[in-house]
Amino acid sequence: MHVLVAGCGWLGKVLGRALVARGDRVTGVRRNASAGPELRGLGIEPLFLDLSDWHSMRAIPSDVEAIVACQSARGDSAAAYRAAYVEATGNLLEASRRLPIRAFVYTGSTGVFGQRDGGDVDETTKPELVGPTAEVLLQAERVVLDAARAGLPARIVRLSGLYGPGRAGVIDRVRTFVLALGPGDDAWMNWCHVDDAVTTVIAAMDRGRTGAIYHATDAHPARRREVVEWIAARLGIAPSQIAEDGARASSSRHGANRRILGDRTRAELELTLAWPSFRDGLASFLTEDRG
């Protein structure tokens, strides 16, 4: 199958490598041509274009059979999010109408859930938005679901906080006392190892339902307290304590507190996670770190 990975950055490269390994032809979209040698070295055919520019869609090969939209925003503003997620995804969906598309997967975010009560949210839970970027993320989902209702084989995979080789910053945050104990440390943190995210995306592409929403998230969400204490113990340091005022400021910036569930996704797509908890996924990084 010829798969277009739209946004072949950190996640896209891991995805592209997995697809190449199983025998798929992969075209990876990047903005900057400097990424060409790295992509070719992974067996990925590079394609350089701006996904938010409709005219650039003409460059997409006419034999693409599946599209995974995993592009990222150039900044944290609502405008940057809109260009990356609403406009670019809309362009890709429109372009797919002239292609022999068998599956379109949009990788969204569990950031559409702004619930603050610490409760469970799953694939059927109505999003509760906090902030303008979350609203843009939900707009992008609506674009995808509208396309699915119009007959395109589109589906959504919402990603929890990704980590993996090259992106395990939570360890440094504990080491440098940025992530600490204190008021609010009972808030839930939700993770997904990049390998399990890729497995979920591929399963959704291969056997997902049109119009479905899936969650790529691990099986054991953890309280911030658990994460800090576990990492600090393995680093051989005492966890830092955050002051009340600092905790209040942090809570105002990152107020969401909910436990993301993905049981329905794993059951429907028949998935077994390689890294079912943050402990499983981070253990090797901490071993390397101390070694």
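Residues numbered from 1 in each chain as written. Predicted model: local features only at pLDDT ≥ 70, side-chain atom pairs only at ≥ 80, totals over all residues. Heavy atoms only, no water.

Colleague: Quick question: what am I supposed to make of the side chain of H193 here?
Modeller: Looking at where H193 falls in the secondary structure, it is placed in strand β10 (residues 191-193). Here the side chain of H193 touches D195 through a polar contact of 3.0 Å, landing on its backbone nitrogen. Every residue in contact with H193, bar those within four places of it in the chain, is listed here: Y163, G164, P165, W275 and G281. (Helix = DSSP H or I, 4+ residues; strand = E, 2+ residues; numbered from the N terminus. Polar contact = N/O pair within 3.5 Å; in protein donor to acceptor, adjacent residues only side chain to side chain. Contact = heavy atoms within 4.5 Å.)

Colleague: So what exactly am I meant to see when it comes to the side chain of D196 here?
Modeller: The topology assignment puts D196 in helix α6 (residues 194-207). Only 2.9 Å separates the side chain of D196 from the backbone nitrogen of W275, close enough to count as a polar contact. Sequence-distant contacts of D196, that is, excluding residues within four places in its chain, are made with L273, A274 and W275.

Colleague: For this particular structure, what's the right way to read the environment of D117?
Modeller: As for its placement among the helices and strands, D117 is situated in the loop between β5 (103-109) and β6 (120-121). Exposure remark for D117: the relative accessible area of 66% places this residue in the exposed category. Linking D117 and A187, residues 70 residues apart in sequence, is a C-alpha distance of 9.1 Å. (Buried < 20%, exposed > 50% of the residue type's maximum accessible area, 1.4 Å probe, protein only.)

Colleague: Got a minute to help me understand helix α1 (residues 10-21) in this structure?
Modeller: Three or four residues apart is the spacing at which side chains of an α-helix point the same way, because the helix has 3.6 residues per turn. Over its 12 residues, α1 extends 17 Å from the first C-alpha to the last, a length consistent with the 16 Å expected when each residue adds 1.5 Å. When α1 is considered as a whole, its buried residues turn out to be W10, L11, G12, K13, V14, L15, G16 and L19. Positive phi shows up at G23, right after α1, with a value of about 105°. (Expected span 1.5 Å × (residues − 1).)

Colleague: Please clarify how the sheet that holds strand β3 (residues 45-48) should be interpreted in this entry.
Modeller: Within a beta sheet, neighbouring strands are joined by backbone hydrogen bonds and run either parallel or antiparallel to one another. Strands sit in the order β3-β2-β1-β4-β5-β7-β11 across an open sheet of seven strands; the sheet is parallel. Of all strands in the sheet, those with a lone pairing partner are β3 and β11 (213-216), marking the two edges. The mean angle between the axes of side-by-side strands here comes to 20°, regardless of whether they run parallel or antiparallel. Bridging between strand β4 (residues 66-69) and β5 involves four bridges; their strand directions are parallel. Bridge pairing in β5 links I67 to F104. Packed onto the sheet, helix α3 (residues 78-96) meets β1 (2-6), β4, β5 and β7 (154-159) and runs at close to 170° relative to β5. With respect to the sheet, helix α4 (residues 132-149) is in contact with β5, β7 and β11, its orientation differing from that of β7 by roughly 155°. (Pairing = 2+ DSSP bridges. Axes fitted to C-alpha atoms, helices over the stretch in contact; angles between N-to-C directions.)

Colleague: Where do I start with the pairing of β1 in this structure?
Modeller: Burial within β1 is extensive, with five of its five residues counted as buried. Both β1 and strand β2 (residues 25-30) contribute to a ladder of five bridges, which runs parallel. The residue of β2 that forms the bridge with H2 is R25. The pairing of β1 with β4 spans four bridges and is classified as parallel. The residue bridging L4 from the neighbouring strand is I67, located in β4.

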